[in-house]
Amino acid sequence: MCAEKIGWDSSQLRKYDLHLDEIPRLHYEDPKVDEFMQKNQPVLITGSKLVKPAEEKWTLDYLEKNLGKSNHTVFVSRNHKFKYFDEKKIYNKNNLKGVEFTPPTKRVDMKITDFMKKLREWKRGDERLYLQQPLNSTVGSTIVEDYLKFDWHFVAEKKNKYHWGELTSNVLFISMEGNVTPCHYDEQQNLFAQILGYKRCILFAPDQFECLYPHPVYHPHDRQSMVDFERPDYTKYPKFKNLKGCETVVGPGDVLYIPIYWWHHVESLMRGGPTVTVNFWYKGGPTNLEYPLQDHQKVSIMRNVEKMLLEVLQDPKEVGPLLRTMVLGRYC
Ligand SMILES: CC[C@@H](CC(=O)C(=O)O)C(=O)O
Ligand SMILES: [Zn+2]
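A brief report on the enclosed structure follows. Owing to the predicted nature of the structure, the values given are computational and were not obtained by experimental measurement.

A short note on the coordination of the zinc ion (ligand 2)
Turning to step 1, where the next piece is worked out: Protein coordination of the zinc ion (ligand 2) is provided by His184 (NE2), Asp186 (OD) and His264 (NE2), with donor distances spanning 2.1 Å.
Turning to step 2, where the next piece is worked out: If you list the donors of the zinc ion (ligand 2) from N- to C-terminus, the spacing comes out as H-x1-D-x77-H.
Turning to step 3, where the next piece is worked out: By relative accessible area, which is 8% here, His184 ends up buried.
Turning to step 4, where the next piece is worked out: Residue classification places Asp186 among the buried residues on the basis of a relative accessible area of 9%.

This is how it looks when you write it as structure tokens:
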């Protein structure tokens, strides 16, 4: 990646033992953008006006002044990682035995003024913060005005062309430099619009499932990889060494298409200052079953098998033995 003209350098990237190709960077008017999106493949789209009003105005001061007086969702971590967890699965009364879980981060409600103060006063060793707030009625009218001036024609054209479902949310992310969102997948199509600062996005196709060892579906870390990219345990996760992926660094005005079920690891560049992103999450839309099935459809099938087995077996410890009995010597 040639970086000199875009204000960052490779010393700001965390080091991993990964084989990564470059995600194609194409101007939004280039017809090849659609060739990638049609095939559910990632592409970095440059030059669009999707979030132009935000790109022009959303400095940290502007956001502090205009994000509104309500509380916003902020995650707090003792280190630079913000591994997502599903609170509902921790307290799931569906008598799932033995789910021992200590959340790696805390979710707190915080006023934007308190958040920004902590950001300004942060020093090495302090807890890190990551604001992750859906753009909804809690934000101030000025931000709403900017939001309404996003290029909704651009996203509507993509939604309709690829038969996506409804827009479920736009989440505003305000990250400290160096924060990492570890590798996970979402069950939504995602247009990831960068507004301030630079983020490295490392993506892996759904067929890399067996190299990324996701937590079981019942686990609060469902959809998240169990592998620590910084210290991979190759004994526990031997196929991690075969992992193949692609990456890009998104900067202000860039829009990264993260296809549904594609794994992604996201990091705000070290020493790059705070970053601001807005994503556009869309439901996947109708699935026409053509054979052979696509890899992301197989992931969805595996998820449903896990859910069904947990429903009937109740005890997560019984799922593995039953699957082994069913498969070993018979299907492999
Ligand atoms: C959840 C935070 C992450 C973005 C992401 O995972 C997504 O938009 O799906 C990031 O930017 O750190
Ligand atoms: Zn995600």
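Now, onward.
Examining the sheet that holds strand 13 (residues 263-268)
Turning to step 1, where the next piece is worked out: Strand order in this open sheet of five strands is 1-11-10-13-8, and the pairing throughout is mixed. In this open sheet, the two edge strands, each paired with only one partner strand, are strand 1 (19-22) and strand 8 (180-184). Adjacent strand axes in the sheet meet at a mean angle of 25°, parallel and antiparallel pairs treated alike.
Turning to step 2, where the next piece is worked out: Pairing between strand 8 and strand 13: three bridges, direction antiparallel. Bridging across to strand 13, His184 finds its partner in His264.

Reading the values: rules and limits
- Residues numbered from 1 in each chain as written.
- Chains lettered and ligands numbered in written order.
- Predicted model: local features only at pLDDT ≥ 70, side-chain atom pairs only at ≥ 80, totals over all residues.
- Heavy atoms only, no water.
- Donors = N, O, S within 2.8 Å, 3.2 Å for Na, K, Ca; no water.
- Buried < 20%, exposed > 50% of the residue type's maximum accessible area, 1.4 Å probe, protein only.
- Pairing = 2+ DSSP bridges.
- Helix = DSSP H or I, 4+ residues; strand = E, 2+ residues; numbered from the N terminus.
- Axes fitted to C-alpha atoms, helices over the stretch in contact; angles between N-to-C directions.

In short, the description is geometric, and any link to function would need to be established separately.
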